[in-house]
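Commentary on secondary and tertiary structure
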Amino acid sequence: MSEIINEVRKGFYLDSVALMRLSAEISALGGIFEAVLMTGTPANQQIMKDAGLLNETGAAASANDLVIALRADGTSSANRALAHAQKSLQGKTKNTASADRRYSTLSSASAAAPEMNLALISTPGAYAAREAQLALDHGMNVMIFSDNVSVEKETALKRKARDLDLLVMGPDCGTAYINSVPLAFANAVAKGSTSVIAASGTGLQEFSVLLTQLGAGIRHGIGVGGRDMSDEVGAISTMMAIDLLAADELTDQIVLISKPPGEKTANAVFEKLASCGKPAIACVFGLKEITQTNIQQADTLLAAAEMAAGARLDVPDHPKNAQALVKDMNAKRKILKGLYTGGTLCTEAHLVLRDNNVHVSSNALQSDPSTPHQLIDLGADEYTLGKPHPMLEPAVRTPFLLDELNDPANAVIMLDIVLGYGAHHDPAHEVTQAMQSLQGVTDKPVVIGTVCGTRDDPQNYLQQCEALTQSGVILCSCNSEMAKLGAAILARL
Amino acid sequence: MSASDLLTSGPKVLGVGLNGFIKDLQSQNIAALAVDWRPPATTDPHVLAAADHLSNDSVGESVDKANEKAIERMLSADPVLVEVQPAGDLIEGLGKHKILHAGPPLEWQSMCGPMRGAVCGAIVLEGWAKTLEAAEKLAAGGEIEFSPNHHHGAVGPMTGMTTQSMPLMVVENRTYGNRAYCAINEGLGKVMRFGGNDESVIEKLQWLESTLGPLLADTLLACDGVGLKNIIARGLSMGDEMHQRNVACTSLLLRELAPTMARVSEPDTAYEVLKFISGNDQFFLNVAMAMGKAIMDPVRDITNSSIVTAMSRNGTEFGIRVSGCGDEWFTAPVEMPRGLYFPGFSENDANPDMGDSTIVETVGLGGFAMAASPAVAGFVGAGSASDAANYTNQMAEICCTRNPEWTIPALDFAGVPSGIDVRQVVNSGITPTINTGIAHREPGIGQVGAGIVNAPLACFEQACRALDKRLSAV
């Protein structure tokens, strides 16, 4: 029992070798006795006729037409084979040499690699919203590293994403960990079961680094961007993140690291966190108290990490050294300065200093401008417009650092050195170079620093610490401890 | 991929911006791909807004749908070279003192040197003036009516002169019944398409009119035309891209014509004509151009479609037409070609880009099919075969589809990119790459080199805004 089916494609040409290859492919399909694809020249028609494959449909084809002729065990096999042939004739929509292919647009790359599920956008801010929009249109979650994106655009993107069941991290999301994979500025931290929702980058970095030192580890770190919990944005991404982490089987506890949420938003966020069904820790800088009693509160990132790990970090008593450090200092030196590359670290230091009776002004928090003590977050929008972020290019900090080192009024200068993926390969270098200007000088300020990094980071952690110490920087075990030392130094002047 | 899938299965990351982040992920064996991102070339926020509007939501869908229709018409075309006739018989109103030229509309005052030279030569050819000086006076005095080839179903290479007595080849699109015309290629050396206009040029044209044209007409009539789709398909696998390299297609066409030609003519005439064609590697270019026009004309005027239906230059301006905007031209100053020069010439001698031949790129050949023609990539300074592939792959980023019948062996038989989408041009900042000959800037000297040129982005920006305006008006 067999059936002969012919189909003609008018005016279709394909190279005869390609057609023979395709003929063999179709012949090999189940239920097909024989199949051939040929142009309808008289000679070809004769071949098909002799093979018993030609019927009146194929016989009517012209030399410019393509004949698909086959003998099958029934109509369904034949139709399957015809469909297969037609699909193969449609050709390849893209060539396979993708290793060398470069894609100029998010759309073309996404079409070529549809498995991608997260777009990491780090274009200049003016273009970021447009690319994020495109990414959402292609069904991807988005991490916007870029800053200088307007709050209106941020809100619109997050609303759209929520409707699509997609997550927007950022804008100005410097750090994230998804499934323990470090994204953008992030350290090689230990895997674990603690998940974090963080407003921005270095808070999450410092926390995850300390958690690793404490022997625990990170599951997810969702960066939501510094403005997410403002009343304008309404914590869209934060609320989604709480739901996601609450549902994530491998997350045991949730840590929130942020500045105080907007007045209208705060209660909703804390209510949701308190009732998410998992233990919650909040490190909300500048918020005195959270009313939801089942949220544990931490004042510093160290305290939060210790709560999460259920262990204490073995920290040397840095403030005890203050006396020795100021022993020979010129009495005219009375001022504390801090030059930060990490925004959240700057905020944390600001608050720790305040709690230790040192009032500073800074661009990280609302503050008293009359005080001479000052911290600067050099990664803030106003310093990065048209310039690289100081964690990418530490040389951005150097002119500021040289000014402060040589200012005769300065008693203590605080610095953060952030390691990890994304960061400069040798951030200590610029600091040690600047420190050379103090070589042989007796009347000089104390320079204290903290290295945010792990031993698995791509920079050599120990070498970085060693170089800084050699150059005269007094290293502290974490940022909040450095701020305490800074306050202690001022107290002993 | 929903947000919870992301957390469960882990990140697979597409990077847009800093490549270092993607390299970091790749070093940890995480799936990550960096987009070769650059800021959009378009800086006008209105243009970007128009492109966004045309790309997104329901408007985007209606444009996509219209483009599908446009692509279907392109791919289902069946172009056949059917006959040769004098232009005056084919084109209504093409009579005394009327000259058709390449590119968007243009008056004498704005014409570049070669274009003026060709106009003067054409006037002498037609006998409207006895000398070139008298011809120039006639043209400068406003006595000649100028009109673009594209407005009359025709195309012409470089200066693209079409006047009443010139024999035109006719390509019929048998699927849609429309016809398109192009003059016969004059060969190399001093030729009117490069602005040549001396006696030898005129004599060559007269011979085309008296000898080659009629014999080609008889031949085509006797063999019921020559199907062109298959010739192109085979030519691509033989190293032609049909703009700068036509040696394979010319040979294939010659093979189709020669037996019948031998039968319908005197042996001496057949010898003369066959010798002329076989000595001119670019003979097929004009056939490919008429074919391009015949394929694209049924695509004109599809409401909402953002597909480019014509690209063309007149030596002064570059113009494009877009399906959803009908016969409106979007023009911008034409760019200078970059390329290699014949001995004794340099870019100082070059005329800005010129000709209707970009219809070939409009259907996915020429610069779009560079991967098929590594030899041409060498000509334009690219050199290696992989460079040639890059040109084609880049053009795929601004096209809706690939042509399943016109495939390129070196790209694993992927088809040539087809259907230029003005939205994708504006979004990516990638403009069409065009393979072109380079004319001397002075009239009468001819070709001095060959190279590539890009279509100006401004044409596509204008088209985007105009199409957006039309869609918003509904």
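Here, residues in each chain are numbered from 1, in the same order as that chain's written sequence. The lettering of chains begins at A and the numbering of ligands begins at 1, in the order of writing. With the structure being a predicted model, the display of local features is reserved for residues of pLDDT at least 70 and the display and counting of side-chain atom pairs for 80 or more, all residues being used for whole-chain, interface and lining totals. The basis for the side-chain values is all heavy atoms of the structure; hydrogens and waters are excluded.

Details of the overall build of chain B
- Each helix is a run of DSSP H or I of at least 4 residues and each strand a run of E of at least 2, with the numbering of both proceeding from the N terminus. Scanning chain B from terminus to terminus reveals 17 helices and 18 strands.
- In this description the radius of gyration comes from C-alpha coordinates, and the expected globular size is given by 2.2 Å times residues to the power 0.38. The C-alpha atoms of chain B give 23 Å as radius of gyration, which agrees with the globular expectation for 474 residues (23 Å, within 12%).
- Expressed as a percentage of the 474 residues in chain B, the buried residues total 63%.
- It only takes one pair of heavy atoms within 4.5 Å for two residues to be counted as in contact. Sequence-distant contacts, at least 24 apart, represent 70% of the contacts inside chain B between residues at least 6 apart.
- Approximately 16,400 Å² of chain B is accessible, and the part contributed by carbon and sulfur atoms is 50%. The buried label goes to any residue with under 20% of its type's maximum accessible area, the exposed label to any with over 50%, and the partly exposed label to all in between, with areas taken from a 1.4 Å probe on protein chains only. Per-residue and other accessible areas follow the Shrake-Rupley method at a 1.4 Å probe size, with only the shown protein chains counted as cover for residues.

Regarding the overall build of chain A
- Counting its regular elements, chain A contains 18 helices and 19 strands.
- Whereas a compact globule of 493 residues would reach a radius of gyration of roughly 23 Å, chain A reaches 32 Å, over 25% beyond that.
- The dimensions of chain A, computed from C-alpha atoms along their principal axes, are 110 × 50 × 40 Å.
- Split into buried and exposed, the 493 residues of chain A put 57% on the buried side.
- The long-range fraction of contacts in chain A, counting pairs at least 24 apart against all pairs at least 6 apart in sequence, stands at 71%.
- If you sum the accessible surface of chain A, you get close to 20,200 Å²; carbon and sulfur atoms cover 51% of it.
- Note that His is not counted, nor are the chain ends; the positive residues are Lys and Arg, and the negative ones are Asp and Glu. Lys charges are placed at NZ, Arg charges at CZ, Asp charges at CG and Glu charges at CD. Across chain A, the centroid of the 39 positively charged side chains sits 2 Å from that of the 53 negatively charged ones.

Some details on the interface of chain B and chain A
- Between chain B and chain A, the residue contacts involve 54 residues of the former and 61 residues of the latter.
- Summed over both sides, the interface between chain B and chain A buries roughly 5,200 Å², with carbon and sulfur atoms accounting for 59% of that surface.
- Take the accessible area each of two parts loses on contact, using a 1.4 Å probe, and add the two losses: that sum is the buried area. By the criterion of area lost to chain A, the three top residues of chain B are Leu7, Leu14 and Phe21 of chain B, representing 14% of everything that side buries.
- Salt bridges are identified by distance alone: a Lys or Arg side-chain nitrogen within 4 Å of an Asp or Glu carboxyl oxygen. Where chain B packs against chain A, one counts one salt bridge.
- Counted as a polar contact is a pair of N or O atoms within 3.5 Å, where, for protein atoms, one must be capable of donating a hydrogen and the other of accepting one, and residues adjacent in sequence contribute only when both atoms are in side chains. Summed over the shared surface of chain B and chain A, the result is 18 residue pairs in polar contact (both at pLDDT 80 or more).
- Per element, the largest residue contribution to the side of chain B that touches chain A is six residues, and it comes from helix H1 (residues 3–9) of chain B.
- When grouped by side-chain class, the residues that make up the side of chain B that touches chain A number 27 nonpolar, 16 polar and eleven charged.
- One ladder, built from four bridges, connects strand E4 (residues 118–121) of chain A with strand E1 (residues 13–16) of chain B; its direction is parallel. Note that in E1 of chain B the partner of Ala119 of chain A across the bridge is Leu14 of chain B. Gly is put with the polar residues, along with every residue not named as nonpolar or charged; the nonpolar set is Ala, Val, Leu, Ile, Met, Phe, Trp, Tyr, Cys and Pro, and the charged set is Asp, Glu, Lys and Arg. Note on pairing: two strands pair once DSSP finds at least 2 bridges between them.

Considerations on the sheet that holds strand E3 (residues 66–72) of chain A
All names here are of chain A.
- Strand order in the open sheet formed by three strands is E1-E3-E2, with antiparallel pairing between adjacent strands. Where the open sheet ends on each side, the last strands, each with one partner, are strand E1 (3–9) and strand E2 (32–39). Ignoring strand direction, the axes of neighbouring strands in this sheet form an average angle of 10 degrees.
- In this sheet, E3 lies alongside E1 in antiparallel orientation, the contact comprising seven bridges. Looking at E3, one finds that Ile4 is bridged to Arg71.
- Against the sheet, helix H2 (residues 42–50) touches E2 and E3, its axis set at about 170 degrees to E2.
- Of the strands in this sheet, E1, E2 and E3 touch helix H4 (residues 75–89), which is tilted by about 150 degrees from E3. Comment: axis = line fitted to C-alpha atoms, over the contacting stretch for helices; angle = value between 0 and 180 degrees taken between N-to-C directions.

Here we look at the pattern of salt bridges
- Counted under the stated rule, the structure contains 32 salt bridges over all chains.
- Put simply, Arg312 of chain A and Glu306 of chain A hold a salt bridge, and the shortest N to O gap is 3.1 Å.
- Residue Arg312 of chain A is classed as exposed on the basis of its relative accessible area of 70%.
- Arg179 of chain B is the partner of Glu172 of chain B in a salt bridge, and the nearest nitrogen-oxygen pair spans 3.1 Å.
- The class of Arg179 of chain B is partly exposed, set by a relative accessible area of 32%.
- One network of salt bridges, with partners in common, ties together Glu83, Glu172, Arg174, Arg179 and Asp224 of chain B.

As for a nonpolar patch on the surface
- Each patch groups residues whose relative accessible area exceeds 30% and which form no salt bridge, using 9 Å between like charges and 5 Å between nonpolar side chains of Val, Leu, Ile, Met, Phe, Trp and Tyr. A surface patch of nonpolar side chains, amounting to about 230 Å² of accessible area, comprises Phe342, Phe345 and Ile445 of chain B.
- Its place among the elements puts Phe345 of chain B in the loop between strand E13 (338–341) and strand E14 (354–355).

Things to note about helix H6 (residues 113–125) of chain B
Residue and element names in this part refer to chain B.
- Between its terminal C-alpha atoms H6 stretches 18 Å, which fits the 18 Å expected from 13 residues at 1.5 Å a residue.
- Of all 13 residues in H6, ten are buried, a share of seventy percent or more.
- Positive phi appears at Gly127, one or two residues downstream of H6, with a value of about 75 degrees. Expected helix span is computed as 1.5 Å times (number of residues minus one).

Comments concerning the environment of Gly415 of chain B
- Within the fold, Gly415 of chain B resides in strand E16 (residues 414–420).
- The sequence separation of Gly415 of chain B and Ala233 of chain B amounts to 182 residues, and the corresponding C-alpha distance is 9.8 Å.

Some thoughts on unusual backbone geometry
- That bond from Gly170 of chain A to Pro171 of chain A is cis: its omega, 5 degrees, falls within 30 degrees of zero.
- Relative to the elements of secondary structure, Pro171 of chain A occurs in the loop between strand E6 (168–169) and strand E7 (175–178).
- Notably, Asn357 of chain A is not glycine yet its phi reads approximately 65 degrees, a positive angle.
- With respect to the helices, strands and loops of the structure, Asn357 of chain A is situated in the loop between helix H13 (343–355) and strand E15 (361–362).
- Of note, Met242 of chain B is a non-glycine position whose phi angle comes to about 70 degrees, a positive value.
- By the element assignment, Met242 of chain B lies in the loop between helix H9 (229–237) and helix H10 (247–264).
- Look at Met242 of chain B and you get buried, because its relative accessible area is 0%.

Let's talk about the side chain of Gln464 of chain A
Residue and element names in this part refer to chain A.
- Position of Gln464 among the secondary structure elements: in helix H17 (residues 461–470).
- You can call Gln464 buried: its relative accessible area is 6%.
- Polar side-chain contacts of Gln464 include one of 2.9 Å to the backbone nitrogen of Ala428.
- With near-sequence residues (within four places) excluded, Gln464 lies in contact with Ile417, Leu419, His425, Asp426, Pro427, Ala428 and Gln459.

Some details on the domain arrangement of chain B
- When cut into domains, chain B gives domain 1 (3–37), domain 2 (49–75 + 300–473) and domain 3 (79–292).
- A separation of 54 Å is found between the C-alpha centroids of domain 1 of chain B and domain 3 of chain B. Domain limits in this description derive from either an automatic procedure or a database domain assignment.

So, helix H6 (residues 125–137) of chain A
Residue and element names in this part refer to chain A.
- Here H6 contains 13 residues, and its C-alpha end-to-end distance of 19 Å stays within 8% of the 18 Å for a straight helix at 1.5 Å per residue.
- Among the residues of H6, those classed as buried are Gly125, Ala128, Ala129, Arg130, Glu131, Ala132, Ala135 and Leu136.
- Gly139 lies just past H6 and shows a positive phi near 80 degrees.

Remarks on the sheet that holds E6 of chain A
- Across the sheet, which stays open at both edges, the five strands sit in the order E6(A)-E5(A)-E4(A)-E1(B)-E2(B) with parallel pairing between neighbours. Looking at the sheet topology across the chains shown, the edges are occupied by E6 of chain A together with strand E2 (32–35) of chain B.
- Pairing analysis gives two bridges linking strand E5 (residues 141–144) of chain A to E6 of chain A, with the strands arranged parallel. Bridge pairing links Val142 of chain A to Val168 of chain A in E6 of chain A.

Some words on the confidence of the model for chain A
- On a range of 0 to 100, pLDDT expresses the predictor's confidence in each residue. Looking at chain A as a whole, the pLDDT averages 92, with 98% of positions reaching at least 70.
- Below pLDDT 50 for its whole length, residues 95–99 of chain A participates in eight contacts with residues either more than four positions away or in separate chains.

Comments concerning the environment of Gln424 of chain B
Residues and elements named next belong to chain B.
- Relative to the assigned elements, Gln424 resides in helix H16 (residues 422–428).
- Put simply, Gln424 and Leu274 are 150 residues apart on the chain and 44 Å apart in space, counted from C-alpha to C-alpha.
- If we ignore the near neighbours within four places in the chain, the residues touching Gln424 are Glu397, Ile398, Cys399, Cys400 and Gly429.

Focus on empty space enclosed by the protein
Residue and element names in this part refer to chain B.
- A pocket here means an open set of points on a 1 Å grid, computed over the protein atoms alone, that has protein on both sides within 12 Å along at least five of seven lines. A cavity is instead a set of points where a 1.4 Å probe fits but cannot get out; residues with an atom within 4 Å of a point line either one. Grid points are joined across faces, edges and corners, and a volume is the space filled by probe spheres set on the points. Scanning the model with the defined rule gives seven cavities of 30 Å³ or more in all.
- Considering only enclosed or pocket space, the largest cavity measures out at about 190 Å³ in volume.
- Considering the residues around the largest cavity, the lining is formed by 17 residues, among which Met161, Ala183, Ile184, Glu186 and Leu205 are closest to the centre.
- If one sorts the elements of the lining of the largest cavity by residue count, helix H8 (residues 199–222) sits on top with three residues.

Points about the nonpolar core
- Here the nonpolar core consists of buried residues drawn from Ala, Val, Leu, Ile, Met, Phe, Trp, Tyr and Cys, with membership extended through side-chain atoms lying within 4.5 Å. Core analysis: the biggest nonpolar cluster contains 103 residues, and Met143, Met169, Phe207, Leu256, Ile257, Leu353 and Met414 of chain A have the highest contact counts within it.
- With seven residues, the top contributor of residues to this core is helix H18 (residues 479–491) of chain A.
- Within the second largest apolar cluster, 96 residues are counted, among which are Val155, Ile231, Met291 and Met354 of chain B.

What to know about the packing of aromatic side chains
- Aromatic rings from Phe, Tyr and Trp, taking only the six-membered ring of Trp, are treated as a pair when their centres fall within 6.5 Å; an angle between ring planes under 30 degrees marks them as stacked, one over 60 as edge-to-face, and anything in between as tilted. The final tally for this structure, using the stated rule, is six aromatic pairs over all chains.
- Measuring from centroid to centroid gives 4.9 Å for Phe145 of chain A and Phe21 of chain B, while their planes differ by 70 degrees, and the two rings are edge-to-face. Here the residue Phe145 of chain A occupies a position in the loop between E5 and helix H7 (151–163), and Phe21 of chain B occupies one in helix H2 (residues 19–27), the pair thus bridging two chains.
- When its relative accessible area of 4% is taken as the criterion, Phe21 of chain B is described as buried.
- Aromatic pair Tyr383 of chain A and Phe400 of chain A: ring centres 5.9 Å apart, planes at 80 degrees, arrangement edge-to-face. With Tyr383 of chain A in helix H14 (residues 381–384) and Phe400 of chain A in helix H15 (residues 398–405), the pair connects residues that are 17 residues apart, well separated along the chain.
- Given the relative accessible area of 24%, Tyr383 of chain A is considered partly exposed.

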